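Structural description and commentary
For reference, the chains in residue letters:
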Amino acid sequence: MAAVLAPSILSADLSDIRGLCQNLEQWGADAIHLDVMDGVFVPNFTFGISIVRAFRQATSLPLDVHLMMVHPEKYIDSFVAAGADILTVHYEVSPHLHRTLTRIRQAGARAGVALNPHTPVHALEASLQWADLVLLMSVSPGFGGQAFIPETFEKIRRLRQLAEQKHLDPIIAVDGGVGPHNAEALTQAGARLLVVGNAIFKAEQPAAVVQQLKQSMQR
Ligand code: DX5
Ligand code: ZN
């Protein structure tokens with residue numbers, strides 16, 4: 001099965017969300033990745049619930065919402081009601097991960113857990129069964145356009161091992177510094193969802209980059 005391409009609209013022009021969604025659909029995106037940042041967990045602000053709702057009204061593509069915020073558990077129901085299909089919280093701000101992931105599932109979305117580059121995969125040893133998706137950050141979160149951290153490949157390998165040991169099959173997602181130069185290798189390593197921001201939105205021909213990525217992501 002081909003991996004899923006989820007463009008991150010962090011560096012896109014948000015003045016016309018409907019037009020942006022139409023473009024993404026035409027180009028062949030499989031989902032849309034929305035980066036919520038609170039200025040506390042990460043040193044940057046983006047947007048919140050109302051923008052997720054605006055995307056929901058503008059597209060039927062799945063919305064993959066990445067919460068880079070403290071206390072994400074307070075807003076689970078609001079983000080799911082706004083239209084999140086996948087809701088991902090960070091391991092580093094989740095002392096009650098079982099409760100948080102379970103609540104996301106109960107609210108009707110797929111539950112994701114994100115690991116910062118310095119958080120080892122074995123941190124999920126006792127919790128992997130509660131996650132539908134694991135988002136491996138391949139940059140320090142907060143900004144688009146950063147360089148891919150190559151140790152991510154080893155983390156994919158370790159995550160696959162852990163999942164196999166436990167007879168689980170979470171979606172392995174990779175976020176940060178992904179583009180045509182590494183999409184094929186990441187897919188072959190076992191990534192099943194790739195988040196791509198700048199490589200698409202800073203390109204002269206974004207449609208061509210999406211096509212190229214989708215070809216590299218066939219397995
Ligand atoms: C970074 C965000 C990413 C970002 C990726 O903190 O989580 O989703 O948009 O952007 P690129 O692909 O430019 O690294
Ligand atoms: Zn993200």
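Below, the structure is looked at part by part.

Criteria and thresholds
Residues numbered from 1 in each chain as written. Chains lettered and ligands numbered in written order. Predicted model: local features only at pLDDT ≥ 70, side-chain atom pairs only at ≥ 80, totals over all residues. Heavy atoms only, no water. Helix = DSSP H or I, 4+ residues; strand = E, 2+ residues; numbered from the N terminus. Rg over C-alpha atoms; globule rule 2.2 N^0.38 Å. Buried < 20%, exposed > 50% of the residue type's maximum accessible area, 1.4 Å probe, protein only. Contact = heavy atoms within 4.5 Å. Areas by Shrake-Rupley, 256 points an atom, 1.4 Å probe, with all protein chains shown as cover. Lys, Arg positive; Asp, Glu negative; His and termini not counted. Charge placed at Lys NZ, Arg CZ, Asp CG, Glu CD. Donors = N, O, S within 2.8 Å, 3.2 Å for Na, K, Ca; no water. Tetrahedral: all angles 85-135°; square planar, octahedral: opposite > 155°, others 65-115°. Near = heavy atom within 4 Å. Polar contact = N/O pair within 3.5 Å; in protein donor to acceptor, adjacent residues only side chain to side chain. Nonpolar A, V, L, I, M, F, W, Y, C, P; charged D, E, K, R; others polar. Salt bridge = Lys/Arg side-chain N within 4 Å of Asp/Glu carboxyl O. Pairing = 2+ DSSP bridges. Axes fitted to C-alpha atoms, helices over the stretch in contact; angles between N-to-C directions.

What follows covers the overall build of the protein. Assigned secondary structure in the protein consists of 8 helices and 8 strands. Radius of gyration (C-alpha) of the protein: 16 Å, near the 17 Å computed for a compact globule of 219 residues. Dimensions along the principal axes, computed over C-alpha positions, put the protein at roughly 45 × 35 × 30 Å. Taken over 219 residues, the protein has a buried fraction of 52%. Pairs at least 24 residues apart make up 65% of the contacts formed inside the protein by residues separated by at least 6 positions. Taken as a whole, the protein presents about 9900 Å² of accessible surface, with 49% of it coming from carbon and sulfur. Where the 17 positive side-chain charges of the protein centre and where its 20 negative ones centre are 5 Å apart.

Surrounding the zinc ion (ligand 2) are the protein donor atoms H33 (NE2), D35 (OD), H66 (ND1) and D175 (OD), at 2.1 to 2.3 Å. Angles of 70 to 172 degrees at the metal separate the 6 donor atoms of the zinc ion (ligand 2), which places the site in the octahedral class. Counting gaps between the donor residues of the zinc ion (ligand 2) yields the pattern H-x1-D-x30-H-x108-D. Note that D35 is positioned in strand β2 (residues 32–37) and D175 in strand β7 (residues 171–175), a separation of 140 residues in sequence.

As a further point, take the site of ligand 1. As a matter of local geometry, ligand 1 sits amid 20 residues, with S8, G142, G145, D175 and G197 nearest to it. Here an oxygen atom of ligand 1 sits 3.3 Å away from a polar atom, N or O, in the side chain of H66. At 2.8 Å, a backbone N or O of G177 approaches an oxygen atom of ligand 1. Taken by itself ligand 1 offers 380 Å² of open surface, and the protein chains cover 99% of this. Only β2, β3 (63–68) and β8 (193–196) provide two or more residues apiece to the shell around ligand 1. The dominant element in the shell around ligand 1, judged by the number of residues it contributes, is β2, at 3 residues. Each residue belonging to the shell around ligand 1 can be placed in one class, and the counts come to 8 nonpolar, 10 polar and 2 charged.

Tracing the backbone shows N23 in helix α1 (residues 17–27). Note: C-alpha distance between N23 and H71 (48 residues apart in sequence) is 33 Å.

In this section: the pattern of salt bridges. Counted according to the given criterion, the structure contains 8 salt bridges. Ionic pairing is found between D85 and R56, a salt bridge with its closest N-O pair at 2.8 Å. Within this pair, whereas D85 is found in the loop between α3 (76–82) and β4 (86–90), its partner R56 is found in helix α2 (residues 49–58), the two being separated by 29 residues in sequence. Given the relative accessible area of 32%, D85 is considered partly exposed. As a salt-bridge pair, R192 and D169 come within 3.3 Å of each other at their nearest N and O atoms. Remark: D169 occurs in the loop between α5 (152–165) and β7 and R192 occurs in the loop between α6 (183–189) and β8; sequence separation between them is 23 residues. Several salt bridges converge on common partners, so that one network encompasses E154, R157 and R158.

Spatially, β1-β8-β7-β6-β5-β4-β3-β2 is the arrangement adopted by the 8 strands of the open sheet, whose pairing is parallel. Because the sheet does not close on itself, it has two edges, and the strands there are β1 (4–7) and β2. Direction aside, neighbouring strands of the sheet carry axes that sit 25 degrees apart on average. Packed onto the sheet, helix α4 (residues 97–107) meets β4 and β5 (110–115) and runs at close to 140 degrees relative to β5.

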